[in-house]
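Descriptive analysis of the structure
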Amino acid sequence: MPANPADSRNAADRVQIAPVEGGAALFTPEFRDYLVHLCDEFTARAHALRVKRDERLARALQQGRLPEPLTASAITTSDWTVPPVPKDLATPGIEISGPCSITSMFINALNPGPEGERAEGDLDDDEDSAGHRLIDTVRACHNRLAAVNHELQYTDRERNREYRIAPGELPFFMHRERGLHLDEPEVTVDGRPVSAAILGTALTLYYPGRAQASRGQGIYFYLPKVDGAEECAWYRDVFDRSRALLPFLKDATIRAIPLVEALPAVYEMEEMLHALGPYAAGLNAARWDLKASIFEFVMADPNSVWPDRFGVDIKTTPFLSNIFRRLVAVCLKHGAVPIGGMATALPNPDPEVNRVAAESIKADKVWEAEQGFIRAWVAHIFHMKTAAEPFRRVHGSGTWKPTPEMLKPESYPVRIEVPAGPITLEGTRRNARMVIEYVEAWLQGRGAKGIDSLAGKPGVHPALMEDLATGRMSVAQIAQRIRHSVKTNQGPAATHDAALVKRLLQEECEDILRLMKTRDAQTEERYRKAVKIALRWIKNYVELDYRSLGSYTRADLDRIALEADAL
């Protein structure tokens, strides 16, 4: 029985679902019963974890107390290892990443790239690159199930194009659901929105997870936005309870890899692996969201203003390099796999643009492989082989050996510093352009978009596949500069304030529209709505309100677009 049933009705009757295409096939009475059991047992705990997040952030913003390591314990001082990592998760190479709710993109990700090779793994995402609506989560579930069964296909009637999965062995799947910070308002239990993390995890275990278990495949998850060990323990208990409720999961292999993308998690990497227990497999070095999280924790401190984020490279910024070297050391110490960051460059008709992008990707992945990462992510199959080669070369032969220093997390103490670099008006302008372009995609239900923040300017610069993480980071940097009236120290002199940022947003919107080969009234209206929403998002951050864009419904955003400018 549910832990806290609201009344004597059957559990399934307590669930209400907004009508969306494909929803009825998933929200059967049996699935709703399972969902209610999870909600009854884990919702209150999820909400309590959110409160702890808020308290931790408030200490930083109000008292200047950043997160810090936990007290030393047997977890950090004794020898222990995660359970043996499945062979596919330990395979050097690359994972292709993208929204699994957009069927054409999902099929392309699963198919071979231009050199005829598939990625080792597929990060089928319903989080940062997805649209954060119920329809996206429903489509993601259907697409994952069809992909596991090699049945996924799609017809683009506008382009008269067919998409099908090519024959052969598919990449292994890494499922990524929405995080603990979000609810799904279109699914309620006893009239209250369900946790998006519970809903996504439940759908994946119940449908594609069942199919994977029947085929003897592992069911693998990336855990986004986790703040630390307590949240990993929550996921462990969700997996345990699901095994008890769903007989087909009894002997299934379920493993999880937390993303280290929240500042508190940086200090608890060993504890996070330990908290996952039998489900622990590795850690992922998430770059963009980690930078955004640092911005959020230091936002109130005028002495922590960052330079233009575009020049803050993981490889050349010592304190960031050490965080990820520490991640590798933690994984090596405990037998887990370290997974690197994202290569986001998209293909371009100009071969020179592709050559420059490939050189940058190669340098980045060589650095990661030499630090000990065994795999990383790429946003497009075009650059897949380039990104995979360093990992296959360095780790594929089994001859790579870490130095003694690389095996010790204490070799890389965590320090949060202000990176070196210029503060320019152009950097703020690029952030403004990125946010407009991203919100415009969001209004169309897309959580990922190819964006060139230097479009129309001289030089070689490929478009990058941007997602909610870069939107969050761009907004945070703009807000930090407004909040502290930051002056530029290179290029045109300017002092950041609301009027300046509003002007930059409007100018960039006009420039985006100017560069379009074709445009219509609907497109222009959408971009102007995007500016209004960007203003609200930035104002929230200036006021230390870090509400996620994913927490707004499309109706909320429509209302914001009709209101007076927020800034």
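The coordinates are above.
Note that the structure is a prediction, hence the values are computed from the model and not measured.

1. A closer look at the overall build of the chain
A count of helical and extended segments in the chain gives 19 helices and 15 strands. At 23 Å, the chain has a C-alpha radius of gyration in line with the 24 Å of a compact globule built from 567 residues. Its C-alpha atoms give the chain principal-axis dimensions of roughly 65 × 55 × 55 Å. A burial count over the chain gives 59% of its 567 residues as buried. The long-range fraction of contacts in the chain, counting pairs at least 24 apart against all pairs at least 6 apart in sequence, stands at 79%. Carbon together with sulfur atoms contributes 50% to the accessible area of the chain, which is approximately 22,500 Å² in total. Averaging the positions of the 71 positive and the 78 negative side-chain charges in the chain gives two centres separated by 1 Å.

2. Thoughts on the environment of D156
When you line up the elements, D156 lands in strand β4 (residues 153-156). Residue D156 is classed as buried on the basis of its relative accessible area, which comes to 14%. The spatial distance from the C-alpha of D156 to the C-alpha of V15 is 34 Å, given a sequence separation of 141 residues. Among residues more than four places away in sequence, those in contact with D156 are R161 and Y163. A polar contact of 3.1 Å, which involves the side chain of D156, links it to the backbone nitrogen of E158.

3. Points about the pairing of strand β2 (residues 93-99)
With seven of seven residues buried, β2 lies mostly within the body of the structure. Pairing between β2 and strand β13 (residues 375-378): four bridges, direction parallel. When the bridges of β13 are listed, I94 appears paired with A376. The pairing of β2 with strand β3 (residues 121-125) spans five bridges and is parallel. Bridging from a neighbouring strand, E95 pairs with G121 of β3. At this point the chain moves from β2, through helix α4 (residues 103-110), to the parallel β3, and the crossover so formed is right-handed.

4. Regarding the sheet that holds strand β7 (residues 183-189)
The sheet built from three strands is open, its strands ordered β1-β7-β8 with antiparallel pairing. The outermost strands of the open sheet, each flanked by one partner alone, are β1 (15-17) and β8 (192-195). The sheet shows a mean angle of 55 degrees between the axes of neighbouring strands, taken without regard to direction. Direction of pairing for β1 relative to β7: antiparallel, over a ladder of three bridges. Bridging from a neighbouring strand, I17 pairs with V187 of β7.

5. Considering the environment of V305
Tracing the chain through its elements places V305 in the loop between α11 (288-298) and α12 (318-334). In this structure V305 comes out as buried when scored by relative accessible area, which is 14%. Spatially, the C-alpha atom of V305 lies 29 Å from that of W377, the residues being 72 residues apart in sequence. Excluding its chain neighbours within four sequence positions, the residues that come into contact with V305 are V418, I423, Q480, H484 and V486.

6. Let's talk about the sheet that holds strand β6 (residues 172-176)
Judged by pairing direction, the barrel is parallel, and its eight strands sit side by side in the order β2-β3-β6-β9-β10-β11-β12-β13 before closing back on the first. This sheet shows a mean twist of 25 degrees between the axes of neighbouring strands, independent of strand direction. Summarising the sheet, β6 and strand β9 (residues 219-223) pair through three bridges and their orientation is parallel. Looking across to β9, one finds that R176 is bridged to Y222.

7. Things to note about α11
For an α-helix, 3.6 residues make a turn, and residues three or four places apart therefore share a direction. Burial analysis of α11 places 10 of its 11 residues in the buried class, the great majority of the element. Restricting attention to buried positions, one finds in α11 the residues D289, L290, K291, A292, S293, I294, F295, E296, F297 and V298. Looking at the buried side of α11, the elements it contacts are α2 (29-63), β10 (254-260), α9 (263-266), α12, α16 (468-483) and α18 (521-542).

8. Side note on the packing of helix α13 (residues 351-371) against helix α14 (residues 384-395)
Between α13 and α14, whose axes approach to 8 Å, the crossing angle comes to 30 degrees. Comparing the axis directions of α13 and α14 gives the class roughly parallel. Like other packed secondary-structure pairs, α13 and α14 cross with a definite hand, here right-handed. Contacts between α13 and α14 involve A358, I361, K362, K365, V366, E368 and A369 from the former and T386, A387, P390, F391, R393, V394 and H395 from the latter. Along the lines of polarity and charge, the residues of the contact of α13 with α14 split into eight nonpolar, two polar and four charged.

9. Looking at the state of the cysteines
Two cysteines, two sulfur atoms, one covalent bond between them: this is a disulfide. Enumeration according to the criterion identifies zero disulfides in this entry. Here C100 stays free of any disulfide, with the sulfur of C141 as its closest cysteine sulfur at 9.1 Å. The buried category is assigned to C100, whose relative accessible area is 0%. Not part of a disulfide, C331 finds its nearest cysteine sulfur in C232, a span of 12 Å.

10. A closer look at the nonpolar core
The tendency in soluble globular proteins is for nonpolar side chains to be buried as a group. Formed by 139 residues in total, the largest nonpolar core has its most connected members in L35 and W234. It is α2 that contributes the most residues to this core, 12 residues altogether. Filtering out sequence-adjacent residues up to four positions away, W234 remains in contact with F42, R45, A46, L49, L180, A197 and I198.

11. Some points on the side chain of E437
Tracing the backbone through its elements, the reader meets E437 in helix α15 (residues 425-443). A polar contact of 2.7 Å, which involves the side chain of E437, links it to the side chain of Y527. Contact partners of E437, with chain neighbours within four places excluded, come to K449, I451, I512 and Y527.

12. Let's talk about the packing of α11 against α16
Two numbers describe how α11 lies on α16: the axes approach to 8 Å, and their chain directions differ by 30 degrees. Taken together, the axis directions place α11 and α16 in an arrangement best described as roughly parallel. Here the hand of the crossing between α11 and α16 comes out left-handed. Contacts from W288, D289, K291, A292, S293, F295, E296 and V298 of α11 reach α16 at A469, T470, R472, M473, A476, Q477 and Q480. Considered class by class, the residues forming the contact of α11 with α16 number seven nonpolar, four polar and four charged.

13. Let's talk about the pattern of salt bridges
As enumerated under the stated definition, the model contains 57 salt bridges in all. In this structure, R176 and E127 form a salt bridge, with 3.2 Å as the shortest nitrogen-oxygen distance. Taken together, the residues R176 in strand β6 and E127 in the loop between β3 and α5 (134-148) connect sequence positions 49 residues apart. Owing to a relative accessible area of 1%, E127 belongs among the buried residues under this scheme. The salt bridge partner of K457 is E426, with a shortest N-O separation of 3.9 Å. One end of the pair, K457, is in the loop between β14 (448-451) and β15 (464-467); the other, E426, is in helix α15, and 31 residues separate them in sequence.

Criteria and cut-off values
Residues numbered from 1 in each chain as written. Predicted model: local features only at pLDDT ≥ 70, side-chain atom pairs only at ≥ 80, totals over all residues. Heavy atoms only, no water. Helix = DSSP H or I, 4+ residues; strand = E, 2+ residues; numbered from the N terminus. Rg over C-alpha atoms; globule rule 2.2 N^0.38 Å. Buried < 20%, exposed > 50% of the residue type's maximum accessible area, 1.4 Å probe, protein only. Contact = heavy atoms within 4.5 Å. Areas by Shrake-Rupley, 256 points an atom, 1.4 Å probe, with all protein chains shown as cover. Lys, Arg positive; Asp, Glu negative; His and termini not counted. Charge placed at Lys NZ, Arg CZ, Asp CG, Glu CD. Polar contact = N/O pair within 3.5 Å; in protein donor to acceptor, adjacent residues only side chain to side chain. Pairing = 2+ DSSP bridges. Right-handed = clockwise from strand over helix to strand, strands pointing away. Axes fitted to C-alpha atoms, helices over the stretch in contact; angles between N-to-C directions. Parallel < 35°, antiparallel > 145°, perpendicular 65-115°, else oblique. Left-handed = near helix turned anticlockwise from the far one by under 90°. Nonpolar A, V, L, I, M, F, W, Y, C, P; charged D, E, K, R; others polar. Disulfide = S-S within 2.5 Å. Core = buried A, V, L, I, M, F, W, Y, C linked by side-chain atoms within 4.5 Å. Salt bridge = Lys/Arg side-chain N within 4 Å of Asp/Glu carboxyl O.

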